[in-house]
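Tertiary structure, described
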Amino acid sequence: MRVYLPATLSALAELHKTGRLAPAPLTAYAVTPALREWYTEGDSEELEYAAMTDAARASLRMLADSPEAVRRRVVVAAEVPDGQAVPVFDGAEPGLVTVTAEVPLGWVASLHVDDPAVLDEVALAVVLLGAAEAGDEDAAFTVDGLDDHELLWYATQELPDLLD
């Protein structure tokens, strides 16, 4: 199953150093039956994009919890054995899954990272995230505006260059 793991650049550095994303369990997003039901009109590509967008939002939450982290959202796309990705039925996030194993670099299909040009916008969204999630419409407008910025795609072989 293709999963989208929210991360930070620090997590990518650890992936490069150790060859794995750990520790398990890991939060991820995927095209689950609940997500298919939520997006009744979406094709598989749109559903994958929705799962990755949810992972990017979760990466933003990780940045809010890590004041020292570089303000770039990171999503790691990985192919995880079906039994290792367990859907979480919470109602609010239909694509939410728990990955029950560490994710070795060999499972990673691609890396997705914000363009450095949007650092200021990401930093502002990090500051406003709590207010946005509490219902502040102006803050939500700013945070949601990040969805307009596509994450850049990197092959796993580009990981060392990405970290430089």
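Description of the structure in this document. (Residues numbered from 1 in each chain as written. Predicted model: local features only at pLDDT ≥ 70, side-chain atom pairs only at ≥ 80, totals over all residues. Heavy atoms only, no water.)

**Details of the sheet that holds strand E5 (residues 85-87)**
Condition: Being paired, for any two strands, means DSSP has found at least two bridges between them. Put simply, DSSP marks the helices as runs of H or I at least four residues long and the strands as runs of E at least two long, and each gets a number from the N terminus on. To get an axis, a line is fitted to the C-alpha atoms, and for a helix only the part in contact is used. The angle between two axes follows their N-to-C directions and goes from 0 to 180 degrees. Contacts were defined at the residue level, with two residues in contact if any of their heavy atoms lie within 4.5 Å.
Spatial strand order, E5-E6-E3-E1-E4-E8-E9: seven strands in an open sheet with antiparallel pairing. One side of each edge strand has no neighbouring strand; the edge strands of this open sheet are E5 and strand E9 (152-154). Looking at each pair of strands side by side, their axes are set apart by 35° on average, direction ignored. Of the pairings in the sheet, the one linking strand E1 (residues 2-7) to strand E3 (residues 26-30) comprises two bridges and is antiparallel in character. Bridge pairing in E3 links Val 3 to Ala 30. Running over the sheet, helix H1 (residues 9-18) touches E1, strand E4 (74-79) and strand E8 (108-113) and is turned about 150° from E8. The sheet strands contacting helix H3 (residues 44-65) are E1, E3, E4 and E8, and the helix crosses E1 at an angle near 20°.

**With respect to the environment of Ala 13**
Inclusion rule: Working definition: with a 1.4 Å probe on protein chains only, accessible area under 20% of the residue-type maximum means buried, over 50% means exposed, and in between means partly exposed.
Position of Ala 13 relative to the elements: it lies in helix H1. Note on Ala 13: relative accessible area 34%, which makes it partly exposed. For Ala 13 and Pro 160, which are 147 residues apart along the polypeptide, the C-alpha to C-alpha distance reads 8.4 Å.

**A short note on the packing of helix H4 (residues 119-133) against helix H5 (residues 137-145)**
Keep this limit in mind: Comment on the angle field: the value is read as roughly parallel under 35 degrees, roughly antiparallel over 145, roughly perpendicular from 65 to 115, and oblique elsewhere. Note on convention: near helix rotated counterclockwise from far helix by under a right angle means a left-handed crossing. Clockwise means right-handed. In this classification, the charged set is Asp, Glu, Lys and Arg, the nonpolar set is Ala, Val, Leu, Ile, Met, Phe, Trp, Tyr, Cys and Pro, and all remaining amino acids, among them Gly, are polar.
Look at H4 against H5: their axes get within 8 Å of each other, and the N-to-C directions meet at 135°. It follows from the interaxial angle that H4 and H5 lie oblique. Read as a crossing pair, H4 and H5 show a hand that is left-handed. Contacts from Leu 124, Ala 125, Leu 128, Leu 129, Ala 131 and Ala 132 of H4 reach H5 at Ala 139, Ala 140, Thr 142 and Val 143. When the residues that make up the contact of H4 with H5 are grouped by side-chain class, the tally is nine nonpolar, one polar and no charged.

**Side note on the side chain of Asp 114**
For clarity, the threshold we go by: Polar contact is defined as a pair of N or O atoms within 3.5 Å, subject to the rule that within protein one atom must be able to donate a hydrogen and the other to accept it, and that residues adjacent in sequence are counted only when both atoms are side-chain atoms.
When you line up the elements, Asp 114 lands in the loop between E8 and H4. Within the structure, Asp 114 has its side chain in polar contact with the side chain of Arg 73 (distance 2.7 Å). With sequence-adjacent residues up to four places away left out, Asp 114 is seen in contact with Arg 72, Arg 73, Val 122, Leu 151 and Leu 152.

**Here we look at the packing of H3 against H4**
Running from amino to carboxyl end, H3 crosses H4 at an angle of 95°, the nearest separation of the two axes being 9 Å. Here H3 lies roughly perpendicular to H4, going by the angle between them. Taking contact as the criterion, the partners of Arg 57, Leu 60, Arg 61, Leu 63 and Ala 64 in H3 are, on H4, Val 122, Ala 125, Val 126, Leu 129 and Glu 133. Split by residue class, the contact of H3 with H4 holds seven nonpolar, no polar and three charged.

**Digging into the pairing of E3**
The element E3 is extensively covered by neighbouring structure, given that four of its five residues are classed as buried. Pairing of E3 with strand E6 (residues 96-99) involves four bridges; the strand directions are antiparallel. The residue bridging Thr 27 from the neighbouring strand is Thr 98, located in E6.

**Regarding unusual backbone geometry**
The step from Ala 22 to Pro 23 runs through a cis peptide bond, and the omega angle for that step is -5°. Within the secondary structure layout, Pro 23 lies in the loop between strand E2 (20-21) and E3. Note that the residue after Ala 24, namely Pro 25, is joined by a cis bond; omega there is 0°. For Pro 25, the location among the structural elements is in the loop between E2 and E3.

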